[in-house]
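Analysis of the macromolecular model
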Amino acid sequence: MIFQTNRQTHKHKKEVLTNQQAYILAHRRHHHIITFFRLLILIIFLAVWEFSTRFGYVDIFFFSSPTAIVSHLYRMILDSSFFNHTGITLLETLISFLLVTFFSLSIAMLLWYQGSLSEILEPYLVVLNSLPKSALAPLLIVWLGTGSKTIIVAGISVAIFGSIISLYTGFCQADDDMLKLIITLGGNRKDALFKVILPSSIPLIISNMKVNIGLCLVGVIIGEFLAARRGLGYLIIYGSQVFQLNMVITSIIILCAIAMVLYKLIQSMEHHYKKVN
């Protein structure tokens, strides 16, 4: 009887293991299929673009071509302009992103901790978040002059108000039962903030960071359009003024690559958090 039970248990474990392996294989296969079709769409788009310019269906002067962009990118690497302009844009974006993350999280915590303060400031935050940030750029130039300081502040201004509102709203939606339990056990509002609100809001904070990294990059480019002599935003404006469309499109593609890499880094941090928890 015992031997038969052991055989059944072993058989059940083997079936579970087989099902897990089948699920993992199916998940990997699905991931590979998605990646394949993503690459296929990109390759088809580039091929159509290249052939359209070669056979005269699209004017290469206005739309450039993949081979012309690769050639221009190669020249940028050779003369080090790629590293200079990309590096300054990337640095300004990262500084803006880190400052937005720190200040938005700090202010959202303060607003949750002081409920009356949030009621006072909420209309102002909504107005500032709705304001087109490009309208602030000329004022920032007058106040701060041209240079990296103005560009970093422009990057911060695009993301910070929406980030504060998003985080504060998420904090207010925390589990009421857990908050009541903390208070019942003798804790105060500070204990509720650091032991319930923040730990339960980590997925929200990471999701907010994924949005902010793109917004900071947009703000930095807006600042570089108006107040820079270096950076990818400056190259886009300069290239459009002298009709060097290869420079413009190459700079845009580099921006897309930067945005994708930064987003993937934060996404990998999110996946790591989910695995640990």
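Preceding this paragraph is the structure being described.
Note that the coordinates shown come from a computational prediction; the quantities given were computed from them, not determined experimentally.

Here is what the cut-offs are and how they apply
Residues numbered from 1 in each chain as written. Predicted model: local features only at pLDDT ≥ 70, side-chain atom pairs only at ≥ 80, totals over all residues. Heavy atoms only, no water. Helix = DSSP H or I, 4+ residues; strand = E, 2+ residues; numbered from the N terminus. Rg over C-alpha atoms; globule rule 2.2 N^0.38 Å. Buried < 20%, exposed > 50% of the residue type's maximum accessible area, 1.4 Å probe, protein only. Areas by Shrake-Rupley, 256 points an atom, 1.4 Å probe, with all protein chains shown as cover. Lys, Arg positive; Asp, Glu negative; His and termini not counted. Charge placed at Lys NZ, Arg CZ, Asp CG, Glu CD. Salt bridge = Lys/Arg side-chain N within 4 Å of Asp/Glu carboxyl O. Expected span 1.5 Å × (residues − 1). Bend = angle between axes of the 7 residues up to and from the residue. Patch = residues over 30% accessible without salt bridge, like charges linked within 9 Å, V, L, I, M, F, W, Y side chains within 5 Å. Core = buried A, V, L, I, M, F, W, Y, C linked by side-chain atoms within 4.5 Å. Contact = heavy atoms within 4.5 Å. Axes fitted to C-alpha atoms, helices over the stretch in contact; angles between N-to-C directions. Left-handed = near helix turned anticlockwise from the far one by under 90°.

Across its full length, the chain carries 12 helices and 0 strands. A compact globule built from 277 residues should have a C-alpha radius of gyration of about 19 Å, whereas the chain, at 26 Å, is more than 25% larger. Based on the C-alpha atoms only, the size of the chain along its principal axes is roughly 85 × 60 × 30 Å. Within the chain, the proportion of its 277 residues that are buried is 34%. Carbon and sulfur atoms make up 69% of the accessible area of the chain, which amounts to about 17800 Å² in all. A distance of 11 Å separates the average location of the 21 positive side-chain charges in the chain from that of its 13 negative side-chain charges.

With that settled, consider the pattern of salt bridges. Considering all chains together, one arrives at 2 salt bridges under this definition. Residue Glu50 pairs with Arg54 through a salt bridge whose shortest N-O separation is 2.7 Å. Of this pair, Glu50 and Arg54 both sit in helix H1 (residues 2-54), 4 residues apart, roughly one helical turn. On the accessibility criterion, Glu50 (11% relative accessible area) is buried. What makes Arg54 exposed here is its relative accessible area of 57%. The shortest N-O distance in the salt bridge between Glu270 and Lys210 comes to 2.9 Å. Taken together, the residues span a long stretch of sequence, with Glu270 in helix H12 (residues 245-276) and Lys210 in helix H10 (residues 202-227) at a distance of 60 residues. Judged by relative accessible area, which is 13%, Glu270 ranks as buried.

Attention now moves to helix H7 (residues 148-172). Between the first and last C-alpha of H7 there are 36 Å, a value that for 25 residues agrees with the 36 Å anticipated at 1.5 Å per step. Within H7, the axis deviates most sharply at Ala159, by approximately 30°.

On to a nonpolar patch on the surface. Residues Ile33, Phe36, Phe37, Leu40, Ile44 and Val48 make up a contiguous nonpolar surface patch of roughly 550 Å² in combined accessible area. Within the secondary structure layout, Ile44 lies in helix H1.

Residues Trp112, Phe171 and Ile197 are the most contacted members of the largest nonpolar core, which totals 44 residues. Those elements that place two or more of their residues in this core are helix H4 (81-113), H7, helix H8 (176-184), helix H9 (189-200), H10, helix H11 (232-241) and H12. Residues within four places of Ile197 in sequence aside, it is in contact with Trp112, Phe171, Ala174, Leu179 and Ala192.

Non-glycine residue Ser80 carries a positive phi angle of around 70°. Looking at where Ser80 falls in the secondary structure, it is placed in the loop between helix H3 (66-78) and H4. You can call Ser80 partly exposed: its relative accessible area is 34%. If you check the backbone angles, Phe243 has positive phi at about 60° while not being a glycine. Residue placement: Phe243 occurs in the loop between H11 and H12.

We now examine the packing of helix H6 (residues 137-144) against H7. A pair of packed helices is captured by two measures, namely the crossing angle of their axes and the spacing between those axes. In contact at an axis separation of 9 Å, H6 and H7 are set at 145° when each is read in the N-to-C sense. Along this stretch, H6 crosses H7, giving a crossing that reads as right-handed. Along the contact surface, H6 presents Leu140, Ile141 and Leu144, while H7 presents Lys149, Thr150, Val153 and Ala154.

Moving on: the environment of Gly145. Its location among the elements puts Gly145 in the loop between H6 and H7. In this structure Gly145 touches Leu140 and Thr150, once residues within four positions along its chain are discounted.

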